[in-house]
Amino acid sequence: MAGYNLIWVFVASIIASAAAFVLTPKGENQTVIRTAIVMTIACCYLTWAVTYLAQLHPLIYPKKTNLRPHE
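All values reported here derive from a predicted model rather than from experimental measurement.

Rules used in this analysis
- Residues numbered from 1 in each chain as written.
- Predicted model: local features only at pLDDT ≥ 70, side-chain atom pairs only at ≥ 80, totals over all residues.
- Heavy atoms only, no water.
- Helix = DSSP H or I, 4+ residues; strand = E, 2+ residues; numbered from the N terminus.
- Expected span 1.5 Å × (residues − 1).
- Buried < 20%, exposed > 50% of the residue type's maximum accessible area, 1.4 Å probe, protein only.
- Phe/Tyr/Trp six-rings, centres within 6.5 Å; stacked < 30°, edge-to-face > 60°.
- Lys NZ or Arg CZ within 6 Å of the ring centre and 35° of its normal.
- Contact = heavy atoms within 4.5 Å.

Where do I start with helix α2 (residues 30–56) in this structure?
Residues lying three or four places apart along an α-helix face the same way, a consequence of the helix completing one turn every 3.6 residues. When the terminal C-alpha atoms of α2 are compared, their 39 Å separation across 27 residues agrees well with the 39 Å that a helix rising 1.5 Å per residue should span. Among the residues of α2, Q30, Y45 and A49 are the ones counted as buried.

Sorry if this is basic, but what is going on with the packing of aromatic side chains here?
Aromatic ring pairs are described here by two measures, namely the spacing of the ring centres and the angle between the planes. In the structure shown here, the tally under the stated rule is 3 aromatic pairs. Look at F10 and Y45: their rings are 5.5 Å apart centre to centre, the planes differ by 55 degrees, and that puts the pair in the tilted class. Taken together, the residues span a long stretch of sequence, with F10 in helix α1 (residues 3–23) and Y45 in helix α2 at a distance of 35 residues. Between W48 and Y52, the aromatic rings sit 5.1 Å apart at their centres with planes inclined by 20 degrees, giving stacked as the arrangement. Of this pair, W48 and Y52 both sit in helix α2, 4 residues apart, roughly one helical turn. Three or more aromatic residues link up through ring pairs in this structure, and these residues are F10, Y45, W48 and Y52. Here R34 stacks its cationic end above the ring of F21, 3.9 Å away from the centre of that ring.

Looking at this structure, I do not really get the side chain of S13. What am I missing?
The residue S13 is located in helix α1 in this model. Residues in contact with S13, not counting those within four places in the same chain, are I41 and Y45.

Listed below in C-alpha cells is the structure:
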C-alpha cells in the first residue's frame, strides 16, 4: 500500500510538468522557464521520494538502551 504513494505522486508530477510545458507563455525565455519549472518539479519529487523511502525502510534501526534500570 505504501509504495503506491510513490507512483501517484510521480504521475501527479508528470501531469504538473506537462501542464507547465504547455502553459508557459511564449517569449524569448520560454525554454529557460520550461526547463526551470520541469527541473524544479523533478528535484522536488526525487527529494520527497528519497525521504519517504528512507522513513519507510530505514537502513539503521534505533537501538534500545536501558536508560532507567528496572528496580
